[in-house]
Amino acid sequence: MSHVPQHVPFQLAGAELRDAIVQYATNPVFLDNEDWENHDNPYRRQLRPQVLPYLDFDRIPGRENVLDYTSLAVQRMLTCVYEADLVFFPKGGLQGKEDDFRAFYSPSNRALGERIRPALERYAFGFLDDEVETSGKWTAASLDSYLDSLDMGDSEEQTPTEAAITGSTDPERAARMWLVQFAPDFLSEASPMMRNVLGYYGKVQSEWFKVVIDEYGYGVHETKHSTLFERTLESVGLKSDVHHYWQYYLNSSLLLNNYFHYLGKNHELFFRYVGALYYTESSLVDFCRRADRLLRGVFGDEVDTTYFTEHVHIDQHHGRMAREKIIKPLVEAHGEGIIPEIVRGIEEYRVLLDVADGDFSAQIAWMDDQPELKKLHGPVFEGLKQGKVDAPVAHLVEPRGELSNTHCHDGDELCHIVSGTMRFESGLGSSLTLEAGEGVVIKRNRLHGANIESDECVYEIHSVGDYRKCLS
């Protein structure tokens, strides 16, 4: 079953799609920011619309390219499109932000978002068609065997994410960067799930609603899971307003969160969501146990891990509910023909988790390696002067305060400062100060940005492809 129905007649393509995307992204709330962080304004989400006319949204990238810049742009836009269905208000009240509120929820913004959504979903999730295969004869018995065989992460061996944080040159910085990646999901927790609660489909609907009720703390705001996560963020010095750290979300973090909105928004994928729900609720038990241990090991007693310890208890129950009260009755009611979709949801989510582990680990290594990548500037720049690589170069002149909102590149690049001063940002709490004659190697797919700290900065960006070729 294809991810995006091929019979949809209104799916845009080519120049028409690109024009519609640019029109959507030029909404004032999506323009570049003048600060690294959004301050208590859930409607501001930087989409860098000035770059979008040069991107190709028609191709479906393979897994090796799902962390490229076009994918990041697509994930950011999809987050905005999906969240126009949700209600957000600033913690400090709407006063002074009324225009942004109206711009984000306006009929034109929502209509433009829905117009481009099918094509964006095809780009974002189409690669999963090549990653997951669920053909063959499935029965209730083979489904049981398959579910019994799933690895729910009970090993004591460190995960790639745990190894990245504990092995970092700055574990607290790495752990804060990690917590920020959950904000798109945890601060509006269960919102994608709510998309499948509405309607009419029998007893399973009520069982699904019980999971939602748990997530919302049985109507007690202090025990609502998102409230618990706010406390976790604040206990380690982070802000807890929605999308405060928009510019620091990794591509894969948005990909994971958007996947559940994608399944919930498109009800033909209902059974896929059932599988993903089962796997996430079951595997979260071990994940949250590990998260509690990891955060306490990094921050000590100052960190509030109630969000995670609560899930260790509740998700044992949710995993059983999803299997016995949702999956089993659905198969009994609708036949074994739905099983491949249930399995597909599990397997797709596992692929996305693997992508996210690799992306986060690479970003922490990139943040840790900034001093060395600054030192590498000299040898790489010398290799360019010797003609070892024929690299296109962009010459840029920017004034004080000019902010390059976070982005990534599809190949390695070299930033070389001709004159002036640049603050080069490689992640939350990670930056370099670059002066004339200095620079830094920018690795492929790594999130970064820059700010000009002199009256004027003249610099060059050399698209070297693979920086190691400059060193040979």
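Placed above this text is the structure.
Here the structure is a predicted model, which means the values were calculated and not measured. (Residues numbered from 1 in each chain as written. Predicted model: local features only at pLDDT ≥ 70, side-chain atom pairs only at ≥ 80, totals over all residues. Heavy atoms only, no water.)

Undergrad: Account for the overall build of the protein chain, naming residues and giving values.
TA: Counting its regular elements, the protein chain contains 16 helices and 8 strands. Referenced to the eigenvectors of the C-alpha coordinate spread, the extents of the protein chain come out at roughly 70 × 55 × 55 Å. Per-residue burial over the protein chain gives 58% buried out of 472 residues. Contacts spanning at least 24 positions in sequence make up 82% of the contacts within the protein chain whose residues lie at least 6 apart. Where the 46 positive side-chain charges of the protein chain centre and where its 76 negative ones centre are 2 Å apart. (Helix = DSSP H or I, 4+ residues; strand = E, 2+ residues; numbered from the N terminus. Buried < 20%, exposed > 50% of the residue type's maximum accessible area, 1.4 Å probe, protein only. Contact = heavy atoms within 4.5 Å. Lys, Arg positive; Asp, Glu negative; His and termini not counted. Charge placed at Lys NZ, Arg CZ, Asp CG, Glu CD.)

Undergrad: An account of the side chain of Arg173 is needed here, citing residue identities and associated values.
TA: Along the chain, the position of Arg173 falls in helix 8 (residues 171-186). A polar contact is formed between the side chain of Arg173 and the side chain of Asp368, at a distance of 3.0 Å. The residues touching Arg173, leaving out its near neighbours within four places in the chain, are Met367, Asp368, Leu428, Gly429 and Ser430. (Polar contact = N/O pair within 3.5 Å; in protein donor to acceptor, adjacent residues only side chain to side chain.)

Undergrad: I'd like to hear about the side chain of Ser361, residue by residue, with values.
TA: Here Ser361 is to be found in helix 15 (residues 339-368). The exposure class of Ser361 is buried, given its relative accessible area of 18%. Within the structure, Ser361 has its side chain in polar contact with the backbone oxygen of Pro160 (distance 3.3 Å).

Undergrad: Describe the packing of helix 6 (residues 140-149) against helix 15, and please don't skip the residues or the numbers.
TA: Taken N-terminus to C-terminus, the directions of helix 6 and helix 15 make an angle of 10°; their axes are 11 Å apart at the nearest point. Classified by the angle their axes make, helix 6 and helix 15 are roughly parallel. Crossing handedness for the pair helix 6 and helix 15: left-handed. Touching Ala140, Leu143, Tyr146 and Leu147 of helix 6 are Ile339, Val343, Ile346 and Glu347, all from helix 15. Here the residues of the contact of helix 6 with helix 15 are counted per class, giving 7 nonpolar, no polar and 1 charged. (Axes fitted to C-alpha atoms, helices over the stretch in contact; angles between N-to-C directions. Parallel < 35°, antiparallel > 145°, perpendicular 65-115°, else oblique. Left-handed = near helix turned anticlockwise from the far one by under 90°. Nonpolar A, V, L, I, M, F, W, Y, C, P; charged D, E, K, R; others polar.)

Undergrad: Got a sec to walk through the pattern of salt bridges? Specific residues and values, please.
TA: A complete count under the given rule lists 36 salt bridges for this structure. A salt bridge links Asp354 to Arg63; its shortest N-O distance comes to 2.4 Å. Placement of Asp354 in helix 15 and of Arg63 in the loop between helix 1 (14-25) and helix 2 (69-83) is noted, with a sequence separation of 291 residues between them. Look at Asp354 and you get partly exposed, because its relative accessible area is 45%. Classification of Arg63 as partly exposed rests on a relative accessible area of 27%. With its nearest N and O atoms 2.3 Å apart, the salt bridge here joins Arg289 to Asp286. Pair noted here: Arg289 and Asp286 are both in helix 13 (residues 270-299), with a separation of 3 residues, about one helical turn. For Arg289, a relative accessible area of 30% puts it in the partly exposed group. A network of salt bridges, in which partner residues are shared, links Asp85, Glu114, Arg117, Glu121, Arg195 and Lys265. (Salt bridge = Lys/Arg side-chain N within 4 Å of Asp/Glu carboxyl O.)

Undergrad: Give me the lowdown on helix 6, citing residues and values where you can.
TA: Among all positions in helix 6, only Leu143, Tyr146 and Leu147 are buried. The buried side chains of helix 6 occupy one side of the element, clustering within an arc of 95° when seen end-on. Counted as exposed and oriented over 90 degrees from the buried face of helix 6: Ala141, Asp148 and Ser149. (Arc of directions from axis to C-beta.)

Undergrad: Can you explain the sheet that holds strand 7 (residues 448-452)? Please cite residues and give values.
TA: Spatially, 4 strands are ordered 2-7-4-5 in an open sheet, and the strand pairing comes out antiparallel. Strands with a single pairing partner mark the edges of an open sheet, and in this sheet they are strand 2 (403-407) and strand 5 (430-434). Strand-to-strand twist of the sheet, defined as the mean angle between neighbouring strand axes without regard to direction, takes the value 15°. In this structure, strand 4 (residues 422-427) lies alongside strand 7, joined through 4 bridges in antiparallel fashion. Residue Met422 lies in a different strand from strand 7, and its bridge partner there is Ile452. (Pairing = 2+ DSSP bridges.)

Undergrad: If you had to explain empty space enclosed by the protein to someone new, which residues and values would you point to?
TA: Across all of its chains, the model carries 4 cavities of 30 Å³ or more by this definition. There is about 60 Å³ of room inside the largest cavity. Along the walls of the largest cavity sit Leu67, Leu72, Leu250, Asn251, Asp359, Gln363, Cys408, Asn445, Arg446 and Leu447, which together make up its complete lining. Looking at the lining of the largest cavity residue by residue, the classes come out as 5 nonpolar, 3 polar and 2 charged. Roughly 50 Å³ of internal volume is contained in the second largest cavity. Forming the walls of the second largest cavity are Val180, Ala183, Leu187, Leu233, Lys239, Ser240, Asp241, His243, His244, Tyr245 and Tyr249. Taken together, the residues that form the lining of the second largest cavity break down as 6 nonpolar, 3 polar and 2 charged. (1 Å grid on protein atoms, 1.4 Å probe; cavity = no way out; pocket = protein on both sides within 12 Å on 5 of 7 lines; lining within 4 Å. Points joined across faces, edges and corners; volume = space filled by probe spheres on them.)

Undergrad: Help me get a handle on the layout of surface pockets, residues and values and all.
TA: Empty space among the atoms becomes visible once a probe the size of a water molecule is rolled across them. By volume, the largest pocket is sized at about 1,400 Å³. As for the largest pocket, its lining consists of 45 residues, and the residues nearest its centre are Ser283, Phe287, Tyr349, Leu353 and Asp357. Those elements that place two or more of their residues in the lining of the largest pocket are helix 7 (160-166), helix 8, helix 9 (191-194), helix 12 (251-265), helix 13 and helix 15. Counting residues per element, the lining of the largest pocket draws most heavily on helix 13, which supplies 12 residues. Considering only enclosed or pocket space, the second largest pocket measures out at about 490 Å³ in volume. In terms of lining residues, the second largest pocket is bounded by 25 residues, among which Arg48, Leu396, His407, His409 and Ile461 are the most central. Elements represented by at least two residues in the lining of the second largest pocket include exactly strand 1 (393-399), strand 2, strand 3 (412-419), strand 4, strand 7 and strand 8 (456-465). Counted by class, the lining of the second largest pocket contains 13 nonpolar, 7 polar and 5 charged residues.

Nothing here speaks to function; it is geometry throughout.
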